[in-house]
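Residue strings, one per chain:
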Amino acid sequence: MPHAPLDCDLLVVGSGAAGLAAAVSAAHLGKRVILVEKDAVLGGATAWSGGWLWAPRNPLARRAGIVEDIEQPRTYLRNELGEHYRPELVDAFLQNCPDMVAFFEQHTALQFVDGNGIPDMHGDTPGAATGGHQVIAAPYDGREVLDLLPRLRKTLRETSFMGMPIMAGADLAAFLNMTRSPRALLYVIRRFTTHLYHLARYGRAMHLVNGVALVARLARSAQDLGVQMMVSTPAQRLIIEDGNICGAVVLHAGEETTIRAKAVVLAAGGFPNDPERRKAMFPRDASGHDNLALPPVSCSGDGLRLGESAGGYVADDLRSPVAWAPVSKVPYPDGSVGHFPHIIDRGKPGIIGVLQNGKRFVNEAGGYYDYVDAMLKAIPEDQQACSWLICDHRFQRRYGLGFARPAPVPLWPHIRNGYLKRGHSLEALAQACGIDPFGLVATVDEFNQHARRGEDPLFGRGSTAFNRRSGDAQHNGPNPCVAPIEHGPFYAVKVQPGCFGTFAGLRTDGHARVLDGTGQPIPGLYAAGTDMASPLGGHYPSGGINIGPALTFGYIAGRHAAAV
């Protein structure tokens, strides 16, 4: 690309769900759009996500006969968010998310699969739905984007198997059941054989699912609409003239290039890898590296700094500045360390989470955000913020424990490198982990007494629809989330606070316009995704509440900027 100045109608900074949604929405309306991405590949944190989005009243749910008034999700959010409920943002999200899904379905390559059976996380909150609020990008054939493949981020290493991503739902169920069902085993053999062929021919997975499928479909749509997507191009500073945002100066191929635009959308991925802002805003993160961030290193606060330079401000009044997730460190032979998010295993029957004192502290089958939130509240300030997930041999071979996969994948590499701790007795396991052995034995004994009857009087595990969905419907017992821990050897993995991203972004209005210190919109400046302060006030009421609002407010920003 020549380094002469470029002109466009809309400049988008960042290529995750929010940035691509804004670019596609504006380009569909005939606007000339340039998208710049700091990293060498497109996709941001979205590509490493599960790809689910929370979108109440979406068209897929309606087609399945799930019809609800807007007041139901509004009631749920009003009760969930409490003092952090901001009607303008909540209404903008709830009113636009059905139209957003319909727009992408009808006019772009982005197609969806419903998650109508997935309940809201907190089923005892008024307005909570038992389903119909979730959708995910449909699987995508990588051959549809062959020209774009080198520029697309691959699936997170820790959540794939030899580079093969696995989609939640029937795909994942087949892998978990392959040792018990000939039909599931045949499916897995076919799937893995196809993957090996793709690795040999294309050098990567070609059956794209989850966040990678979402990014690939959006990027395909953006390219078809003429969006100019520039990778390895960080935005350096905004161009401000008479109080209006008129573009930005970017760094491309080692030289500064001016891109003039009528509006700019900031969607650079928040600040999960900005040590200084983390130290200032994250709890229990004195070094700026104590919590294990899942997003790519490039998500380091660039959008927030650009917004602040134009007079915007970062919200500091949210329930939480960070979207918590329980994460374990995965050591690799080359000395590098990966991060594994514990989303699936905690809800299955036969596992508990304990602290250093050996005691449980939470309903393990609840939301991932809730697990970390409870962990931080239960641990004294002078102790390391961590917990241990404990299970027996039967559980590990059936479901896997973190990055240590279920049978028939061997266990010994994870035991040898220290990721997985093992003990032939609970006392030995406790000693290997640094857990109080008397506390752990007492906790497991008490848990087992009730678990044999499918009960958990301490935390009510399995008491909500979300709990039961996280469990195992094929479990031979009255509670799909509860089973005793009694068949040695026993295993444990250390879990630390981690995050999917940040909530503390630039304050905006319902049109995604960045607000200045007086609450007035800054002309020509928008923010979406995690560069925008959480429209849900830093709460985590359901799965998909990162990507759902990101796509919706990206859609809102792109359309509003195009109209301007």
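For the structure, see preceding data.
Residues numbered from 1 in each chain as written. Predicted model: local features only at pLDDT ≥ 70, side-chain atom pairs only at ≥ 80, totals over all residues. Heavy atoms only, no water.

K.L.:
Explanation requested: unusual backbone geometry in the structure shown.
P.N.:
Residue P408 is bonded to the preceding A407 through a cis peptide linkage, with omega at 10°. Tracing the backbone shows P408 in the loop between α11 (393-399) and α12 (412-416). In the Ramachandran plot, A512 falls in the positive-phi region, its phi being about 70° despite a non-glycine side chain. On the accessibility criterion, A512 (0% relative accessible area) is buried. (Helix = DSSP H or I, 4+ residues; strand = E, 2+ residues; numbered from the N terminus. Buried < 20%, exposed > 50% of the residue type's maximum accessible area, 1.4 Å probe, protein only.)

K.L.:
Is there a simple way to explain the pairing of strand β12 (residues 244-252) in this structure?
P.N.:
The side chains of a regular strand alternate between both faces of the sheet. Counting buried positions over the nine residues of β12 gives seven, a clear majority of the element. Bridging between strand β11 (residues 235-241) and β12 involves five bridges; their strand directions are antiparallel. By the bridge assignment, A235 is partnered in β12 with V250. Sheet topology places β12 next to strand β13 (residues 255-266); six bridges connect them, and they run antiparallel. (Pairing = 2+ DSSP bridges.)

K.L.:
Is there a simple way to think about the packing of helix α3 (residues 71-81) against helix α4 (residues 87-107) in this case?
P.N.:
A packed helix pair is summarised by two numbers, namely the angle formed by the two axes and the spacing between the axes. Two numbers describe how α3 lies on α4: the axes approach to 11 Å, and their chain directions differ by 150°. In this view, α3 runs roughly antiparallel relative to α4, as classed from their interaxial angle. For the pair α3 and α4, the sense of crossing is right-handed. From α3, P73, R74, L77 and L81 reach across to α4, where they touch V90, D91, L94 and Q95. Tallied by class, the residues present in the contact of α3 with α4 amount to five nonpolar, one polar and two charged. (Axes fitted to C-alpha atoms, helices over the stretch in contact; angles between N-to-C directions. Parallel < 35°, antiparallel > 145°, perpendicular 65-115°, else oblique. Left-handed = near helix turned anticlockwise from the far one by under 90°. Contact = heavy atoms within 4.5 Å. Nonpolar A, V, L, I, M, F, W, Y, C, P; charged D, E, K, R; others polar.)

K.L.:
Looking at this structure, I do not really get the packing of helix α1 (residues 17-28) against helix α7 (residues 210-224). What am I missing?
P.N.:
Packing of α1 against α7 brings their axes to within 9 Å, and their N-to-C directions diverge by 25°. As far as their axial angle goes, α7 and α1 are roughly parallel. Like other packed secondary-structure pairs, α1 and α7 cross with a definite hand, here left-handed. Residue-level contacts link A17, L20 and V24 of α1 to L214, V215, L218, A219, S221 and A222 of α7. Across the contact of α1 with α7, the residue classes break down as eight nonpolar, one polar and no charged.

By themselves these figures say nothing about function.
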